[in-house]
Amino acid sequence: MGLLDGNITFTGDCAFAKTLTVPAGTIRAASIAAGAGIEASKLQHRHKVGTNFDLAHTGTPVSREEIVFVASAACTIGAVKALLWDTGTSTAVSFDCQKNGTTILASTIDLTESTTDRAVQSGTLSTTTLVAGDVITISIATTDATGATGPFAWIEIDEAAA
């Protein structure tokens, strides 16, 4: 076996008689030509799916639950987040995220009038895996929403392309 020690520049095509093994992390995004035709099965997609609970950003939060995602394959949950456009003057609003009806958060995401307007709040995940057919819902529960408007919540999910 021979050893080439140093940089080598190929000015034309290069063919290898056997399999080329490239160390992990060697090929980066900048090295891949636009339109390279990479197969979908070799990609991963980050879904950011959410709900405004059918309200405009000026709408007052009311208790509601929405289906936001159905897994078509194994997935990994990366985050659950929520905010209010305006947290109002007397507010107690909680967001929860469920997989097949069971919470995936260690505790709800609770927002009050002391939460900064439009400040994204993150939930602590207690479950991070999904399998094909799992249904994700996000719910909002309001105890008091005086002056509060514009609820929005979302989940970030990584899914390998099939």
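Up top is the structure.
Residues numbered from 1 in each chain as written. Predicted model: local features only at pLDDT ≥ 70, side-chain atom pairs only at ≥ 80, totals over all residues. Heavy atoms only, no water.

## Let's talk about the overall build of the chain
Item 1. Within the chain, the regular secondary structure consists of zero helices and eight strands.
Item 2. Listing every helix and strand of the chain by position from the N terminus yields β-β-β-β-β-β-β-β.
Item 3. Against the compact-globule benchmark of 15 Å for 162 residues, the chain has a radius of gyration of 23 Å, which places it well outside the compact range.
Item 4. Per-residue burial over the chain gives 31% buried out of 162 residues. (Helix = DSSP H or I, 4+ residues; strand = E, 2+ residues; numbered from the N terminus. Rg over C-alpha atoms; globule rule 2.2 N^0.38 Å. Buried < 20%, exposed > 50% of the residue type's maximum accessible area, 1.4 Å probe, protein only.)

## With respect to unusual backbone geometry
Item 1. A positive phi is found at Asp-54, a non-glycine position, where the angle reads about 60°.
Item 2. With respect to the helices and strands, Asp-54 occurs in the loop between strand 1 (44-51) and strand 2 (64-70).
Item 3. In the Ramachandran plot, Arg-118 falls in the positive-phi region, its phi being about 60° despite a non-glycine side chain.

## Let's talk about the pairing of strand 8 (residues 135-160)
For a regular strand, side-chain orientation follows a simple rule: the groups alternate between the two sheet faces.
Item 1. Here strand 1 pairs with strand 8 via eight bridges, running antiparallel. Considered in strand 8, the bridge of Gly-50 is made with Trp-154.
Item 2. Where strand 2 meets strand 8, six bridges bridge the pair, whose relative direction is antiparallel. Bridge pairing in strand 8 links Glu-65 to Ser-139.
Item 3. In terms of strand pairing, strand 3 (residues 75-99) meets strand 8 through 21 bridges, oriented antiparallel. Looking at the pairing, Val-80 lines up with Ile-155 of strand 8. (Pairing = 2+ DSSP bridges.)

## Describing the nonpolar core
Among soluble globular proteins, nonpolar side chains are generally buried collectively.
Item 1. If you look at the biggest cluster of nonpolar residues, it comprises 26 residues, and the most contacted ones within it are Phe-69, Phe-95, Cys-97, Leu-130 and Ile-155.
Item 2. Not counting chain neighbours up to four residues away, the residues in contact with Phe-69 comprise His-47, Val-49, Cys-75, Leu-130, Asp-134, Val-135, Ile-136, Ile-157 and Glu-159. (Core = buried A, V, L, I, M, F, W, Y, C linked by side-chain atoms within 4.5 Å. Contact = heavy atoms within 4.5 Å.)

## Remarks on the pattern of salt bridges
Item 1. Inspection of the entire model under this criterion finds five salt bridges.
Item 2. Between Glu-156 and Lys-48 there is a salt bridge, and its shortest N-O distance comes to 4.0 Å. A residue pair is termed long-range when its members are at least 10 positions apart, and Glu-156 in strand 8 and Lys-48 in strand 1 qualify at 108 residues.
Item 3. For Glu-156, a relative accessible area of 8% corresponds to the buried category.
Item 4. A cluster of three or more residues bridged by salt bridges with shared partners is formed by Arg-46, Lys-48, Lys-81, Glu-156 and Asp-158. (Salt bridge = Lys/Arg side-chain N within 4 Å of Asp/Glu carboxyl O.)

## Digging into the packing of aromatic side chains
Item 1. Enumeration over the complete set of coordinates arrives at two aromatic pairs.
Item 2. Measuring from ring centre to ring centre gives 6.0 Å for Phe-53 and Phe-95, while their planes differ by 40°; the resulting arrangement is tilted. In this pair, Phe-53 is assigned in the loop between strand 1 and strand 2 and Phe-95 in strand 3, connecting sequence segments 42 residues apart.
Item 3. With relative accessibility at 2%, the residue Phe-53 sits in the buried group.
Item 4. Here Phe-95 falls in the buried class, since its relative accessible area comes to 2%.
Item 5. The ring of Trp-85 has Arg-118 lying over it, and the distance from NZ or CZ to the ring centre is 4.5 Å. (Phe/Tyr/Trp six-rings, centres within 6.5 Å; stacked < 30°, edge-to-face > 60°. Lys NZ or Arg CZ within 6 Å of the ring centre and 35° of its normal.)

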